[in-house]
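Chain by chain, the residues run as shown.
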Amino acid sequence: MRLKQVLQDFLQQADLLLLSLCLISTAYGMVLIASATRYTGSFRNLIVQGVATLLGVIAYIILSMVDVEDLVRRWKWILVFNVGFICLLRTPFGFSDNTGNRAWLKFPGIPFSIQPAEVVKITFILLLAKQLEWTWQERRELRSFRSVLPPTVHLLFMVGLIYVVSSDMGSALVYVFVFICMVLAAGVAWRWFAVGLGAGAAGVFAMYKLGLIPSYMINRFHALFDHSFQPLVAGWQQTRSLLAIGSGRIFGQGLFNGTQTQSRDPSSLPERHTDFIFAVAGEELGFVGCLVIILLLTAIIFRCLQVALHARTPFSTYVCAGMAGMLIFQTVENIGMCLFVMPVIGLTLPFFSYGGSSIVTLYAAMGIVSAIKKRALPERRRRRRF
């Protein structure tokens, strides 16, 4: 009876529209994954994605019923979790990809690897939102150096930790964009963006001069501005992606019929079920198929922003802004990467790309947004927060 009551409360109060958009996107993504992995003759990726989606929906339901403002009161434990989980990458459970990024954990008995930076994004958003709310309560502004410094130190600590432990610059950049969206929602003075941009540029230049940026990463940026640079090395992945998307034209070559998507040739579209799933849609379903992906992700992002506008507290507004920022950056970067206008930094397309930890984390994030909507201000008391 207790379970039945919980489900009834969920159906009455949770954001079912947001959940529906997520499920439609995931179902679409699983069709693309099925096509992208058909040449292997294995259903493993599809099964793992299905199991992860089920776990994600359970996480969505549970977190929809939780008051995250009560949860974040244990912020010290959350901070310990963030640091400890990322540091696990330096234990025997951590392993590297072919670029040398030690960004994944593999535990016995779990059918998919876990990316700590992916999971910690959610708890980072909660902690940063609480930090910004404290600043707002104490100073009623985010304009002075003293008010801007603590959240900035928090960001730099997390980005530095991720890069030092795992060398995963792609995930670190997501944190930076999330931070920007959240401090914008909190009303930070624009002059601090100019300061941050200058400091960031100086930091990147110093890292380049000191040889702290891997050569493969430098080559990827070089290929971005000069497509003739190393077309078979640094620019190979994006060249194949652009060819796949272009060959699909308006309606595509047909599902399960893409020239590169269905090819066993190693020189065909790489990472087609993860990083370049958008290229699979472009080749097999054409411009129309790609447009549907963009519309679905845009609808999810706008739903997060709509909940932010109607949130009960500044904390809730900042959380929703952070969740939207996470989706915006990953969507723009992944699609731009497939179109050869953004560098390859290993970010997947939300809800569409294969990835167990990614799917569970995304549904958990949207469950938090659903919980915030459940406790939104009544219509008569709503006001614009950012």
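Residues numbered from 1 in each chain as written. Predicted model: local features only at pLDDT ≥ 70, side-chain atom pairs only at ≥ 80, totals over all residues. Heavy atoms only, no water.

Moving on: the packing of aromatic side chains. A full pass over the atoms with the stated rule returns 9 aromatic pairs. Taking 5.5 Å as the distance between ring centres and 75 degrees as the angle between the ring planes, the aromatic pair formed by Tyr 28 and Phe 352 counts as edge-to-face. With a gap of 324 residues between them, Tyr 28 in helix H2 (residues 16–36) and Phe 352 in the loop between helix H13 (314–338) and helix H14 (356–374) connect regions that are remote in the sequence. Its end group placed over the ring of Phe 315, Lys 130 keeps NZ or CZ at 5.8 Å from the ring centre. The positively charged end of Arg 272 is found above the aromatic ring belonging to Tyr 39, 4.3 Å away from the centroid. (Phe/Tyr/Trp six-rings, centres within 6.5 Å; stacked < 30°, edge-to-face > 60°. Helix = DSSP H or I, 4+ residues; strand = E, 2+ residues; numbered from the N terminus. Lys NZ or Arg CZ within 6 Å of the ring centre and 35° of its normal.)

For Val 319, the position within the fold is in helix H13. By relative accessible area, Val 319 is classed as buried at 0%. Put simply, Val 319 and Tyr 60 are 259 residues apart on the chain and 16 Å apart in space, counted from C-alpha to C-alpha. Here Val 319 is in contact with Ile 125, Leu 126, Ala 129, Ile 368 and Ile 372, once residues within four sequence places are set aside. (Buried < 20%, exposed > 50% of the residue type's maximum accessible area, 1.4 Å probe, protein only. Contact = heavy atoms within 4.5 Å.)

For the rest of this paragraph, the subject is the packing of helix H3 (residues 44–64) against H14. Contact geometry for H3 and H14: axes closest at 7 Å, N-to-C directions at 20 degrees. Regarding the angle of H3 to H14, the classification is roughly parallel. Where H3 crosses over H14, the handedness of that crossing is right-handed. Listed contacts from H14 to Gln 49, Ala 52, Thr 53, Leu 55, Gly 56, Val 57, Ala 59, Tyr 60, Leu 63 and Ser 64 of H3 are Gly 356, Ile 359, Val 360, Tyr 363, Ala 364, Met 366, Gly 367, Ile 368, Ser 370, Ala 371 and Lys 374. In the contact of H3 with H14, the residues fall into 13 nonpolar, 7 polar and 1 charged. (Axes fitted to C-alpha atoms, helices over the stretch in contact; angles between N-to-C directions. Parallel < 35°, antiparallel > 145°, perpendicular 65-115°, else oblique. Left-handed = near helix turned anticlockwise from the far one by under 90°. Nonpolar A, V, L, I, M, F, W, Y, C, P; charged D, E, K, R; others polar.)

On to the nonpolar core, then. In terms of nonpolar packing, the biggest core is built from 102 residues, with Met 323, Phe 351, Phe 352 and Met 366 touching the most fellow members. Looking at this core element by element, the count peaks at 14 residues for helix H12 (residues 277–309). Formed by 5 residues, the second largest nonpolar core is a distinct cluster that contains Leu 224, Phe 229, Ala 234 and Phe 340. (Core = buried A, V, L, I, M, F, W, Y, C linked by side-chain atoms within 4.5 Å.)

Close approach of charged atoms allows side chains of opposite charge to pair. For the structure on display, the rule yields 6 salt bridges. Note that Arg 73 and Asp 70 form a salt bridge whose closest N and O atoms lie 2.8 Å from each other. Classification of Asp 70 by relative accessible area gives partly exposed; the value is 34%. Three or more residues joined by partner-sharing salt bridges are found here, namely Asp 67, Glu 69 and Arg 312. (Salt bridge = Lys/Arg side-chain N within 4 Å of Asp/Glu carboxyl O.)

Evaluated as defined, the whole model comprises 0 disulfides. In this structure Cys 320 is not part of a disulfide, and its nearest cysteine sulfur, from Cys 304, lies 6.6 Å away. (Disulfide = S-S within 2.5 Å.)

The next point concerns a nonpolar patch on the surface. Taken together, the side chains of Phe 43, Ile 47, Val 51, Leu 54, Leu 55, Ile 58 and Ile 62 define a hydrophobic patch exposed on the protein surface, amounting to about 700 Å² of accessible area. Structurally, the position occupied by Ile 47 is in helix H3. (Patch = residues over 30% accessible without salt bridge, like charges linked within 9 Å, V, L, I, M, F, W, Y side chains within 5 Å. Areas by Shrake-Rupley, 256 points an atom, 1.4 Å probe, with all protein chains shown as cover.)

Here we come to the packing of H2 against H3. Here H2 crosses H3 at 170 degrees, and the two axes come no closer than 10 Å. The angle between H2 and H3 places the two elements in the roughly antiparallel class. Where H2 abuts H3, its residues Leu 18, Leu 19, Leu 23, Thr 26, Met 30, Ile 33 and Ala 34 lie against Asn 45, Leu 46, Gln 49, Gly 50, Thr 53, Val 57 and Tyr 60. Here the contact of H2 with H3 is composed, by residue class, of 9 nonpolar, 5 polar and no charged.

Bringing unusual backbone geometry into the picture now. Look at Ser 167: it is not a glycine, yet its phi comes out positive at around 65 degrees. For Glu 271, which is not a glycine, the phi torsion comes out positive at approximately 40 degrees. Topologically, Glu 271 is positioned in the loop between helix H11 (236–248) and H12. Judged by relative accessible area, Glu 271 falls into the partly exposed class, the value being 37%.

This part takes up the environment of Thr 317. Assignment of secondary structure puts Thr 317 in helix H13. Since its relative accessible area comes to 1%, Thr 317 is described here as buried. Sequence separation between Thr 317 and Glu 133 is 184 residues, and the spatial gap between their C-alpha atoms is 9.8 Å.

With that out of the way, let us pick up helix H9 (residues 191–209). Count 3.6 residues to each turn of an α-helix, and residues three or four apart come out pointing the same way. End to end, H9 covers 27 Å across 19 residues, agreeing with the expected 27 Å (1.5 Å per residue, within 8%). Once H9 finishes, Gly 211 follows within two positions and takes phi at roughly 70 degrees, a positive value. (Expected span 1.5 Å × (residues − 1).)

Another point: the confidence of the model for the protein chain. Caution applies to low-pLDDT regions: their predicted coordinates should not be interpreted in detail. For the protein chain, per-residue confidence averages 88 on the pLDDT scale, and residues scoring 70 or more make up 94% of the total. Confidence drops under pLDDT 50 across residues 379–386; counting only partners more than four residues distant or on other chains, this segment forms 17 contacts. (pLDDT = per-residue confidence, 0-100.)

Turning next to helix H10 (residues 215–225). Among the residues of H10, those classed as buried are Met 217, Arg 220, Ala 223 and Leu 224. Around the axis of H10, the buried residues are gathered within 120 degrees of arc, so they sit on the same side. Among the exposed residues of H10, those oriented more than 90 degrees off its buried face are Ser 215 and Phe 225. Buried residues along H10 sit in contact with helix H8 (169–185) and H11. (Arc of directions from axis to C-beta.)

Its location among the elements puts Leu 297 in helix H12. Sequence separation of Leu 297 and Ala 365 is 68 residues, and the distance between their C-alpha atoms is 14 Å. Excluding residues within four positions of it along the chain, Leu 297 makes contact with Thr 331, Leu 349, Pro 350, Phe 351 and Phe 352.

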